[in-house]
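Listed below, chain by chain, are the residues.
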Amino acid sequence: MSQYRYSPLSPGRDSIRLLRLMPHEDEAADIQCELFEYSLPNFCKRTHMYDALSYVWGNPDEKLPIFIHKHSFDVTVNLYAALSHLRNHSIERILWIDAICINQANQEEKQYQIQSMANIYGQANRVIVWLGEAAHDSDLALEEIRVSRDKKPTNSSDSKRVQQAVLALLQRSWFRRIWILQEVAAARHILVMCGSKMIDGYVFCLGVDSLKDFYDARADLQGLIRSVTYLIREAIFRPGYSTGSSDRSSLDICPLSELMDMYHAHEATECHDKVYALLGMSSDDLSKVGLLPDYGVPWEELLQRLAKFLLSEKISVETWRDREIVVIKGKGCILDVRFMNIPRQPGERGNSSTHWTLPVSARPIRRGDLICILQ
């Protein structure tokens, strides 16, 4: 059977594709879909009747075929599983899924559609978070999260098993993916799915918060979970339409510098996405500084542009291909220096010594951090 070929989108900022997932009573039947073009105006004062999927692509080398207009189209195993669970036995579903609705082979379209993703997720009727297939007692974990939303965690003999199940669920790769931040930050209503089980996003956050003793000792997990649950919890309080202050498709949450500081530990397949995945939440106008999505720009050049935007155009920046390392040289002064006289220990020669104590970072230095040398 021939491979599916995309038709180009109509010119203009409003055009996207939506996926029509066809119903079938047989769960083992081939997944049949249709793609159609849809107009999605910026700042429309209503949501639209489609669900946007938030998920992890998975291994790009492991794929299964679905069928779009009777033509074969390969998707990753994780996306295939999501479609299988989302398919209804008698009613078609309308979805937006990046791997299918964006022609990933067309760089120009991809770059343009990425700039609209905050708008796409923000105007969806619902954002569905797909955590993956059921495994490692995930059904038990979701049930514990659901019932714990307004009470303390269980103290039963099974509590050890429950704790391990919850930790296994919260360590799934979805929580570490940088693109999901924008997806849930834009959402108005969120549904969390794992296998055949599902739970409302707000209830999920209440339950996870009540179970914080399970993961509070894990510093690496604690920050990831709280950053994501905060965004999910706020979904129901967001207005029914975008209130951005400009004509950009951005949520205008905070400056890019703050977003980079908060979320630099999240993961991306491509280095470029460590920057591009945050643009939809930035309150900065980045159109004139060369930071809008463009995968043709070498990573080392993009990193130089980012460093100069965050710090100063006057600094000297050195970068390396495919490495998240930057050496920055410039002149500056040290702020908030605290002097502390430390008496010498008995037997040591000389008078007291003077030390500089600088405020420590909110986090220890980790891979992916920018380390600045100021002269």
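Residues numbered from 1 in each chain as written. Predicted model: local features only at pLDDT ≥ 70, side-chain atom pairs only at ≥ 80, totals over all residues. Heavy atoms only, no water.

With that out of the way, let us pick up the overall build of the chain. A tally of regular secondary structure across the chain gives twelve helices and 14 strands. Taking all 375 residues of the chain together, 44% fall into the buried category. Of the contacts formed within the chain by residues at least 6 apart in sequence, a portion of 69% connects residues at least 24 apart. (Helix = DSSP H or I, 4+ residues; strand = E, 2+ residues; numbered from the N terminus. Buried < 20%, exposed > 50% of the residue type's maximum accessible area, 1.4 Å probe, protein only. Contact = heavy atoms within 4.5 Å.)

Centre distance and the angle of the planes are the two values used to describe a pair of aromatic rings. Following the criterion strictly, the structure yields eight aromatic pairs and no others. Seen from their ring centres, Y202 and F237 are 6.2 Å apart, and the 80° between their planes marks the pair as edge-to-face. Of this pair, Y202 sits in helix α8 (residues 201-210) while F237 sits in the loop between α9 (219-233) and α10 (256-263), placing them 35 residues apart in sequence. Judged by its relative accessible area of 26%, Y202 falls in the partly exposed class. A relative accessible area of 55% places F237 in the exposed class. For the pair Y276 and Y295, a centre-to-centre distance of 5.3 Å together with 80° between the ring planes defines the contact as edge-to-face. Within this pair, whereas Y276 is found in helix α11 (residues 273-276), its partner Y295 is found in the loop between α11 and α12 (299-310), the two being separated by 19 residues in sequence. Here Y276 matches Y295 in class, with each residue buried. Feature note: the residues Y4, Y6 and F73 constitute an aromatic cluster, connected by ring pairs. The ring of Y295 carries K110 above its face, with NZ or CZ at 4.5 Å from the centroid. (Phe/Tyr/Trp six-rings, centres within 6.5 Å; stacked < 30°, edge-to-face > 60°. Lys NZ or Arg CZ within 6 Å of the ring centre and 35° of its normal.)

Look at H136: it is not a glycine, yet its phi comes out positive at around 55°. Locating H136 in the fold gives a position in the loop between β7 (124-130) and α5 (138-147). Since its relative accessible area comes to 63%, H136 is described here as exposed. Positioned with a positive phi, D137 is a non-glycine residue whose angle comes to about 60°. Among the secondary structure elements, D137 is positioned in the loop between β7 and α5.

One finds I66, L83, W96, I100, W174 and F204 to be the most contacted residues of the largest nonpolar core, which totals 106 residues. Once you skip the residues sitting within four places of it in the chain, I66 turns out to touch I31, C33, H71, S72, F73, V75, Y80, L83 and I100. (Core = buried A, V, L, I, M, F, W, Y, C linked by side-chain atoms within 4.5 Å.)

This brings us to the side chain of S250. Positionally, S250 belongs in the loop between α9 and α10. Accessibility expressed as a relative area gives 5% for S250, which makes it buried. There is a polar contact of 3.3 Å between the side chain of S250 and the backbone oxygen of G280. Engagement of the side chain of S250 in a polar contact is seen with the backbone oxygen of S282, the distance being 2.6 Å. (Polar contact = N/O pair within 3.5 Å; in protein donor to acceptor, adjacent residues only side chain to side chain.)

Turning to helix α7 (residues 179-186), a few remarks are in order. Across the eight residues of α7, eight count as buried, placing the element largely inside the fold. Of all the positions in α7, only W179, I180, L181, Q182, E183, V184, A185 and A186 are classed as buried.

What follows covers the sheet that holds strand β6 (residues 93-96). Strand order in this open sheet of nine strands is β5-β4-β2-β1-β6-β3-β7-β8-β9, and the pairing throughout is mixed. Two strands in the sheet have a free side with no partner beyond their single neighbour: β5 (71-76) and β9 (197-200). Averaged over all pairs of adjacent strands, the angle between their axes in this sheet comes to 40°, without regard to strand direction. One ladder, built from four bridges, connects β7 with strand β8 (residues 190-194); its direction is parallel. Note on β8: the bridge partner recorded for I128 is L191. Of the strands in this sheet, β8 and β9 touch α5, which is tilted by about 20° from β9. On top of the sheet, α8 reaches β8 and β9; it is set at about 85° to β9, its chief contact. (Pairing = 2+ DSSP bridges. Axes fitted to C-alpha atoms, helices over the stretch in contact; angles between N-to-C directions.)

Summary statistics for the chain give a mean pLDDT of 86 and a share of 83% for residues scoring 70 or more. With pLDDT under 50 throughout, residues 350-362 is counted as low confidence; its partners more than four residues away or in other chains account for 25 contacts. (pLDDT = per-residue confidence, 0-100.)

A few words on the pairing of β6. For a regular strand, the rule is simple: side chains alternate between the two faces of the sheet. Examined bridge by bridge, strand β1 (residues 15-21) and β6 share three bridges and lie antiparallel to one another. Counterpart to L19 in the pairing with β6 is L95. Sheet topology places strand β3 (residues 48-54) next to β6; two bridges connect them, and they run parallel. Its bridge partner lying in β6, A52 is registered against W96.

Below, the discussion takes up the layout of surface pockets. Summary: where empty space remains is shown by rolling a probe the size of a single water molecule over the atoms. The volume enclosed by the second largest pocket comes to roughly 630 Å³. In terms of residue class, the lining of the second largest pocket is made up of nine nonpolar, four polar and seven charged. Each of domain 1 (15-125) and domain 2 (130-237) contributes no fewer than three residues to the lining of the second largest pocket. (1 Å grid on protein atoms, 1.4 Å probe; cavity = no way out; pocket = protein on both sides within 12 Å on 5 of 7 lines; lining within 4 Å. Points joined across faces, edges and corners; volume = space filled by probe spheres on them. Nonpolar A, V, L, I, M, F, W, Y, C, P; charged D, E, K, R; others polar. Domains from an automatic or database assignment.)

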